[in-house]
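Observations on the model geometry
Listed here are the chains, written in short residue letters.
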Amino acid sequence: MVCVLSSACFIVAQAGCGSSSEADLPAAEGGGAGTAGHGGTAGKSGGAGASGSAGAAGNAGTAGNAGNAGTAGNAGSGGVSGQGGASGATGGSAGDAGAAGDAGAAGSAGDAGAAGADPDGGTAGDAGEPEDGSAGAAGSDPDASVAGSGGDDGGVAGQAGAGTDAEAPDAEPDGAAGAGDAGCAVEVCGNGLDDNCDGEVDEQCPCSPGDVQACYAGDPALVGQGACVSGSMQCESGVFGACVGAVYPTDEQCNMSDDDCDGYTDEDLTGTCSTVCGSGTQTCEKGLLVCTAPQPQPEACDNADNDCNGGVDDGLTQGCGTACGKGIETCVAGAWVNCTAPQPQPEACDNADNDCNGGVDDGLTQACSTACGSGIETCAAGAWVNCTAPQPKLEECNNKDDDCDGSVDEELTQPCGTCNTGTQTCVKGIWQTCQMPPSAASIQLTGTVRDFKARGTTNGHPDFEWNIADDRGIVGPDLGSDFKPIYAKPAGTTATTNGKTWFDMWYRDTANYNLSQQHSITLALVNG
């Protein structure tokens with residue numbers, strides 16, 4: 001800000017926070033920061049005015065030339081030239097010393113202004129020229145020095161000189177103190193702003209109970225832009241309290257809001273991102289951070305590491321089945337393999353459904369043969385049956401190989417003649433003439449004569465047949481398992497027998513009960 005002062009005004013302007021600006025400064029007293037003003041021309045009678053001290057000097061200013069010593073006046077002493085500013089955006093020139101009065105002692109030569117720290121610094125002012133009469137206060141000459149501007153970091157502006165026209169009729173209006181750009185100033189009550197840059201709004205400003213006013217401790221240009229809003233402050237004990245509810249710029253976040261209040265939403269939030277699957281770019285889209293890095297996916301049977309755990313198709317199994325049942329299969333190199341379900345097998349003659357088509361031993365046939373030829377047999381219930389090959393038979397007298405042994409009507413004979421004592425042989429399907437054995441002149445028959453022991457002797461008993469009579473049906477029509485007659489009467493005795501017990505003992509030659517003797521009979525052949 002710029003403050004223009006009259007000869008009766010003396011206010012210190014606070015340093016700004018930006019680039020510098022300039023203001024006129026009279027020689028009576030130097031400003032703070034900024035370029036030092038030239039000293040005013042000395043009055044003929046007044047005492048020499050002290051040169052204004054320079055405001056904060058600009059960086060690296062060139063040193064000014066030293067002023068010439070004034071001629072001794074009758075009363076006043078020569079003024080001292082102003083010094084160059086120490087730091088600031090633009091160094092001020094030192095003010096010229098006032099001219100000495102006619103009667104004054106010779107003034108000392110003004111010191112050259114110190115060089116500013118910046119190469120753009122201003123040149124120090126020259127010392128005042130001597131004149132007769134007492135040195136007056138610095139007038140406001142058009143050549144009055146310009147007050148130095150505030151430094152880049154907010155240096156304090158130099159104070160304006162206070163020379164007057166009465167003391168120096170030829171002087172021009174006073175120079176104003178320089179102020180930094182966007183500078184901090186004296187706190188102004190009632191505007192709801194932090195004018196003096198101390199972080200508080202309208203501090204120590206008087207108010208009435210119940211008063212409420214808007215407030216904002218930051219740059220007022222940001223209010224209403226983006227997230228930045230003003231707050232409010234209430235009157236407490238005659239002064240305004242703290243500013244409550246104001247929102248100030250913060251680092252931009254991905255939230256669809258202008259957090260830093262620069263007129264842009266979610267800007268400059270691009271960065272890198274990564275997952276276990278790789279790297280990508282992270283951007284903010286509609287308030288959400290979006291990463292282009294590949295994301296892990298559920299593992300699939302595709303010969304790839306979908307979940308990025310370092311394994312390909314790892315741990316993948318699934319159910320599988322065949323016509324014969326169910327099982328589990330595993331994924332290997334992108335293919336489902338090794339199904340544990342039972343697999344269909346070629347049908348076999350084993351009373352099982354090997355090919356799992358629902359039939360047992362179905363459709364199974366094979367060649368078969370006998371000594372008589374070849375055929376086809378079928379599997380049923382696990383066994384080969386029903387061979388269609390011709391089967392061997394008993395040899396018959398038919399000029400055929402019935403038993404399929406390679407011979408025809410071999411060893412075929414049959415009895416013939418009276419009493420079947422002769423033999424016929426089959427030749428080429430024909431029974432030959434009956435061949436009778438030669439007759440013997442005599443034959444001998446040998447038999448056993450047996451009878452019970454006599455009654456009254458040891459183991460003796462009555463004959464089983466004790467009477468001669470017509471007594472039919474004593475024995476049955478068949479022989480027993482021992483090929484002996486079986487007594488057929490139901491019980492007791494018959495007209496000729498003494499019962500079954502004695503009958504069996506006789507026919508079965510019970511030991512120690514029968515008397516036996518071998519007896520042979522010779523029969524002679526009688527011809528005719």
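Each chain has its residues counted from 1, following the order in which its sequence is written. Side-chain atom pairs in this predicted model are given and counted only at pLDDT of 80 or more, local residue features only at pLDDT of at least 70, and totals for whole chains, interfaces and linings cover all residues. Remark: hydrogens and water are excluded; side-chain values derive from all non-hydrogen atoms of the structure.

1. Focus: the pairing of strand β4 (residues 231-236)
Strand pairing follows a simple DSSP-based rule, namely that at least 2 bridges must link the two strands. Each helix is a run of DSSP H or I of at least 4 residues and each strand a run of E of at least 2, with the numbering of both proceeding from the N terminus. As judged from the 4 bridges shared by strand β3 (residues 212-215) and β4, these two strands associate in the antiparallel manner. Note that in β4 the partner of Gln213 across the bridge is Met233. Bridging between β4 and strand β5 (residues 239-240) involves 2 bridges; their strand directions are antiparallel. Pairing of Glu236 across the sheet is with Val239, part of β5. Here β4 folds back onto β5, and the loop between the two strands holds 2 residues, one of which, Ser237, carries a positive phi near 55°.

2. Topic: the nonpolar core
Note on terminology: a nonpolar core comprises buried Ala, Val, Leu, Ile, Met, Phe, Trp, Tyr and Cys residues joined through side-chain atoms within 4.5 Å. Burial here depends on accessible area, computed with a 1.4 Å probe over protein chains only, as a share of the maximum for the residue type. Under 20% is buried, over 50% is exposed, and the range in between is partly exposed. Val201, Cys207, Cys215, Met233, Cys235 and Phe240 together form the largest nonpolar core, which totals 6 residues. By definition in these notes, contact holds between two residues if any of their heavy atoms fall within 4.5 Å. Not counting residues within four places of it along the chain, the set of residues in contact with Met233 comprises Val201, Asp202, Asp211, Val212, Gln213, Cys215, Phe240, Gly241, Ala242 and Cys243. Among the nonpolar cores identified, the runner-up in size contains 5 residues, and Tyr216, Cys228, Ala246 and Cys261 belong to it.

3. Re helix α1 (residues 500-507)
The set of residues buried in α1 consists of Phe503, Asp504, Met505 and Trp506. If you follow the buried residues of α1, they end up packed against β18 (442-452) and β19 (514-524). A positive phi of about 50° marks Asp509, the residue just after α1.

4. A word on the state of the cysteines
As used here, a disulfide is simply a covalent bond connecting the sulfur atoms of two cysteines. Sulfur atoms of two cysteines make up a disulfide when they are within 2.5 Å. Per the stated rule, a full pass over the model turns up 15 disulfides. Note on cysteine connectivity: Cys254 is disulfide-linked to Cys284, with sulfurs 2.0 Å apart. On the sign convention where negative means left-handed, the S-S torsion of about 90° between Cys254 and Cys284 marks this disulfide as right-handed. In this pair, Cys254 is assigned in the loop between β5 and β6 (271-275) and Cys284 in strand β7 (residues 278-285), connecting sequence segments 30 residues apart. Note on Cys254: relative accessible area 18%, which makes it buried. Using a relative accessible area of 17% as the deciding quantity, one classes Cys284 as buried.

5. So, the confidence of the model for the protein chain
With 65% of its residues at a pLDDT of 70 or more, the protein chain shows a mean pLDDT of 71. Per residue, pLDDT captures the predictor's confidence, and it can take any value from 0 to 100. Contacts from residues 1-182, a stretch scored under 50 in pLDDT, to residues over four places away or in other chains number 503 contacts.

6. Remarks on the pattern of salt bridges
For this document, the term salt bridge refers to a Lys or Arg side-chain nitrogen within 4 Å of an Asp or Glu carboxyl oxygen. Inspection of the entire model under this criterion finds 4 salt bridges. Of the charged contacts in the structure, one is a salt bridge between Arg472 and Asp470, with a shortest N-O distance of 3.2 Å. The burial state of Arg472 is the same as that of Asp470; both residues are exposed. Here Arg508 and Asp504 are joined by a salt bridge, their closest N and O atoms 3.4 Å apart. Residue Arg508 is classed as partly exposed on the basis of its relative accessible area, which comes to 29%.

7. As for the side chain of Asp471
Looking at the secondary structure, you find Asp471 in the loop between β18 and α1. Definition of a polar contact: a pair of N or O atoms within 3.5 Å, with one able to donate and the other able to accept a hydrogen when the atoms are protein atoms, and with sequence-neighbouring residues admitted only if both atoms are side-chain atoms. Polar side-chain contacts of Asp471 include one of 2.5 Å to the side chain of Thr494. In terms of polar contacts, Asp471 uses its side chain to reach the side chain of Thr496, at 2.5 Å. Excluding its chain neighbours within four sequence positions, the residues that come into contact with Asp471 are Lys489, Thr494, Ala495, Thr496 and Thr497.

8. Section: the packing of aromatic side chains
The way to describe two aromatic rings as a pair is by their centre distance and the angle between their planes. Stacked, tilted and edge-to-face are the three classes applied to pairs of Phe, Tyr and Trp rings, where Trp contributes its six-membered ring and a pair requires centres within 6.5 Å; stacked means planes under 30 degrees apart, edge-to-face means over 60, and tilted covers the rest. What the rule picks out here adds up to 2 aromatic pairs. Here the aromatic rings of Tyr216 and Tyr248 are separated by 4.7 Å at their centres, their planes lie at 40°, and the arrangement is tilted. Pair noted here: Tyr216 is in the loop between β3 and β4 and Tyr248 is in the loop between β5 and β6, with a separation of 32 residues, a long-range link. With a relative accessible area of 2%, Tyr216 lands in the buried category. Taking relative accessible area as the criterion, Tyr248 reaches 30% and is therefore assigned partly exposed. Arranged with centres 5.1 Å apart and planes meeting at 50°, the rings of Tyr487 and Phe503 form a pair that is tilted. Pair noted here: Tyr487 is in the loop between β18 and α1 and Phe503 is in helix α1, with a separation of 16 residues, a long-range link.

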